[in-house]
Amino acid sequence: MDKPWKISRGQIAASELDVEKASAINTLLIRPVGVLPAKPGDPVLPFAVGLFNELRALLKPDAGVTTLRRATAAYVHCRRYYFASAQPDSMRHNLDGEPVEPLSEEDRLVAQKRFLSLKQSAAKTETPEKEAPVPPPLLSKSEQIRAALLGKRNTANRAG
C-alpha cells in the first residue's frame, strides 16, 4: 500500500459521534466554525495546515488550550477524518469551511494508512456473539446409578 487511492468516495458524511466531537470543540470557542460538521450527514472537512492556531485565537477566556488541543485531537484522529483526508480529491479547508488547497499525496497516503489501521483495530475488537453453552444431557436416576457403579468398577480394576 505505497500508493494513494485513485477512486474517490466523494465527501465523507459525519456521524453522530463526529458531530459530538465537533460540538465539543465549538463549545470551547467564542463562535462556531464552519469547518466542523453541525449535524450528521454534513461533510467531514480536512483542516488547513496551521488551523489549530486559528482555533486557539477563538478560544473562550475560561477555556484552556490543553482542553482545546485534546478535543481537536479526538476529532482529527478518528476514522472518518482520516477517510475524508485520504480521498484523491480531498482538499484542506479554512475556519469557514472553504477549500484552500489540495492535500499532498504524502498526507493522503498517511491518512489512508491510519484509516486502514483504525478499521482493522475496530474489526478485531468487535466481539463475536458467544454461543450459549450446551447443558449436559439429563440422566435418569437409573443411568446415574449405572454410571456411578461403572466408574467404581473401572477404578477398582485399575487399582488391582
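Residues numbered from 1 in each chain as written. Predicted model: local features only at pLDDT ≥ 70, side-chain atom pairs only at ≥ 80, totals over all residues. Heavy atoms only, no water.

Draft legend 1. Up close: helix 5 (residues 105-125). For helix 5, which comprises 21 residues, the first-to-last C-alpha distance of 30 Å matches the rise-based estimate of 30 Å (1.5 Å per residue) to within 8%. All of the buried residues along helix 5 are Arg108, Leu109, Ala111, Gln112 and Phe115. Down the axis of helix 5, the buried set is contained in an arc of 160°. They therefore lie on one face. Opposite the packed face of helix 5, turned more than 90 degrees from it, sit the exposed residues Glu106, Gln120, Lys124 and Thr125. The secondary structure elements touched by the buried residues of helix 5 are helix 4 (79-86). (Helix = DSSP H or I, 4+ residues; strand = E, 2+ residues; numbered from the N terminus. Expected span 1.5 Å × (residues − 1). Buried < 20%, exposed > 50% of the residue type's maximum accessible area, 1.4 Å probe, protein only. Arc of directions from axis to C-beta. Contact = heavy atoms within 4.5 Å.)

Draft legend 2. Spotlight on the pattern of salt bridges. Counted according to the given criterion, the structure contains 3 salt bridges. For Asp42, the salt bridge goes to Lys39, with nearest N and O atoms at 2.9 Å. (Salt bridge = Lys/Arg side-chain N within 4 Å of Asp/Glu carboxyl O.)

Draft legend 3. Layout of the pairing of strand 2 (residues 99-102). Sheet topology note: the strand 1 (residues 91-93)/strand 2 ladder contains 3 bridges and is antiparallel. For Arg92, the partnering residue across the bridge sits in strand 2 and is Glu101. Count of turn residues in the strand 1/strand 2 antiparallel hairpin: 5 residues, of which Gly97 carries a positive phi of about 90°. (Pairing = 2+ DSSP bridges.)

Draft legend 4. Structural context of the environment of Pro43. By secondary structure assignment, the location of Pro43 is in the loop between helix 1 (16-27) and helix 2 (51-57). Once the C-alpha coordinates of Pro43 and Ile12 are considered, the two residues, 31 residues apart in sequence, prove to be 5.4 Å apart. If we ignore the near neighbours within four places in the chain, the residues touching Pro43 are Gln11, Ile12 and Pro37.

Draft legend 5. Local environment of the side chain of Thr72. On the secondary structure map, Thr72 appears in helix 3 (residues 65-76). Judged by its relative accessible area of 5%, Thr72 falls in the buried class. Looking at Thr72, its side chain comes within polar contact range of the main-chain oxygen of Leu68, at 2.8 Å. (Polar contact = N/O pair within 3.5 Å; in protein donor to acceptor, adjacent residues only side chain to side chain.)

Draft legend 6. Molecular detail of the packing of helix 1 against helix 3. Put simply, helix 1 and helix 3 touch, their axes get as near as 9 Å, and they point 160° apart. Between helix 1 and helix 3, the interaxial angle falls into the category roughly antiparallel. Of the two possible hands of crossing, helix 1 and helix 3 adopt the one that is left-handed. Contacts between helix 1 and helix 3 involve Asp18, Lys21, Ala22 and Ile25 from the former and Leu68, Ala71, Thr72, Ala74 and Tyr75 from the latter. Class assignment of the residues belonging to the contact of helix 1 with helix 3 gives a composition of 6 nonpolar, 1 polar and 2 charged. (Axes fitted to C-alpha atoms, helices over the stretch in contact; angles between N-to-C directions. Parallel < 35°, antiparallel > 145°, perpendicular 65-115°, else oblique. Left-handed = near helix turned anticlockwise from the far one by under 90°. Nonpolar A, V, L, I, M, F, W, Y, C, P; charged D, E, K, R; others polar.)

Draft legend 7. Quick look at the nonpolar core. Val33, Leu36, Phe47, Leu55, Leu68 and Tyr75 are the most contacted members of the largest nonpolar core, which totals 32 residues. No other element matches helix 4, which puts 5 residues into this core. In this structure, Leu55 is in contact with Leu29, Val33, Phe47, Leu68, Thr72 and Leu95, ignoring residues within four places of it in sequence. (Core = buried A, V, L, I, M, F, W, Y, C linked by side-chain atoms within 4.5 Å.)

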